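# Survey of secondary and tertiary structure
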Amino acid sequence: MLSAVERKIEQFVSDLNDKEVSGLYTKLPHGKRLRAKLILKIAGSSLSVVKTAAIVEMIHAASLLHDDVIDDAYTRRNKPSINALYGNKTAIMLGDILYSKGFLELNNISPEVAKIVSNAVVQLSLGELKDVSLSKAFNLDKEIYLEMIYQKTASLIEASAGAAAVLAGKPKDAYLTYGRNLGLAFQMIDDILDITSDSATLGKPALHDFVEGKTTLPYIYLYEVLDEVGKAKLRSLHTKVLNMQEQAWILSQMKEHKIIEKSYLEAKALIDEAIMLMDAQGEEALSGIAKEMIERDF
Ligand code: FPP
Ligand code: MG
């Protein structure tokens, strides 16, 4: 039924009656549609469910359009980003159009769903600001990192699951926690993959996060276990374009101190809780989505 969501997004875009926007939309690579998938699995495929899924995906797409401008990212899902193809101004405006149209349509769902989703977009925006601000410093506070990834990534996934539960008349809290945990684990694994995957797989240079100034969970854990010399060295490499030797040093330290395993276990604990919650609801498909997430390639 994901195709119904695709059609709905296309319809929302064509409602705008603007050839340029329609053309730009075709250049936007679709992702995995994780949020839409969750909504459909929780709430079925009635018109208001499909619309909610389409709205959430449009908001998510808008946030990535803006994020690629903010991050100076020239690829998205292994394809050129909209800012790379048409410049920052176009990427920002396309994002504005997609998310404002999403909000317009959100008014037609229900006040409770509108509140859940719009609150998540506030969190998303606050999270992005926090991400950028934190990358200017050398953040070593795990709680601050967790709060930032909650806002930036988990909030919209949490809202997707919660809004779908409301639409389906299911107990909201279990689904909110499921979505929150899934979102946190998703971002943690994304941050791990930035360290463990090669640049061809990632579609961006390896260790890109650290070069950008982002001290994600593995860097926080690594810093904790390094001796004074190691700590000073890691600090000196922060935000630097790393040469081969420097990259190799970071990777060898991660390996020696089993940092990736430790970070992965933290994501896995969140997934295990999510699976337990959905098993209790008899939601096998949702437990399955959570399992798949933790079984991504390392
Ligand atoms: C990706 O993070 C970014 C997000 C999940 C959130 C971005 C949010 C905004 C730009 C706020 C504005 C919101 C709207 C609706 C316009 P990342 O850079 O860590 O991940 P990446 O590797 O996929 O780029
Ligand atoms: Mg980014």
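Residues numbered from 1 in each chain as written. Chains lettered and ligands numbered in written order. Predicted model: local features only at pLDDT ≥ 70, side-chain atom pairs only at ≥ 80, totals over all residues. Heavy atoms only, no water.

Moving on, we come to the environment of Ser100. With respect to the secondary-structure elements, Ser100 resides in helix α6 (residues 88-106). Along the backbone, Ser100 and Ala62 are 38 residues apart, and their C-alpha atoms lie at a distance of 9.3 Å. Only 2.6 Å separates the side chain of Ser100 from the backbone oxygen of Asp96, close enough to count as a polar contact. Reaching out from Ser100, the side chain makes a polar contact with the backbone oxygen of Ile97 at a distance of 3.3 Å. (Helix = DSSP H or I, 4+ residues; strand = E, 2+ residues; numbered from the N terminus. Polar contact = N/O pair within 3.5 Å; in protein donor to acceptor, adjacent residues only side chain to side chain.)

This part is about the pattern of salt bridges. Scanning the model with the defined rule gives 17 salt bridges in all. For Lys172, the salt bridge identified is with Glu112, shortest N-O distance 3.2 Å. Linking Lys172 in helix α9 (residues 172-196) with Glu112 in helix α7 (residues 111-134), this pair joins segments that are 60 residues apart in sequence. One salt bridge connects Asp131 with Lys214, and the closest N-O pair in it is separated by 3.1 Å. With Asp131 in helix α7 and Lys214 in the loop between α11 (208-211) and α12 (217-225), the pair connects residues that are 83 residues apart, well separated along the chain. Lys214 carries the same exposure label as Asp131, and that label is buried. (Salt bridge = Lys/Arg side-chain N within 4 Å of Asp/Glu carboxyl O. Buried < 20%, exposed > 50% of the residue type's maximum accessible area, 1.4 Å probe, protein only.)

Another aspect to go through is α12. With respect to burial, α12 is a largely interior element, 7 of its 9 residues being buried. Along α12, the residues that are buried comprise Leu217, Pro218, Tyr219, Ile220, Tyr221, Leu222 and Tyr223. Looking at the buried residues of α12, the elements they touch are α8 (142-168), α9, α11, α13 (228-237), α14 (244-256) and α15 (259-281). (Contact = heavy atoms within 4.5 Å.)

Think of two packed helices as two axes; the pair is described by the angle between the axes and how far apart they sit. The N-to-C vectors of helix α1 (residues 2-15) and α6 enclose an angle of 105°; their axes lie 11 Å apart at closest approach. On the basis of their axis angle, the class for α1 and α6 is roughly perpendicular. Residue-level contacts link Phe12, Val13 and Asp15 of α1 to Leu98, Lys101 and Glu105 of α6. Considered class by class, the residues forming the contact of α1 with α6 number 3 nonpolar, no polar and 3 charged. (Axes fitted to C-alpha atoms, helices over the stretch in contact; angles between N-to-C directions. Parallel < 35°, antiparallel > 145°, perpendicular 65-115°, else oblique. Nonpolar A, V, L, I, M, F, W, Y, C, P; charged D, E, K, R; others polar.)

Geometric descriptors of this kind do not, in isolation, establish any biological role.
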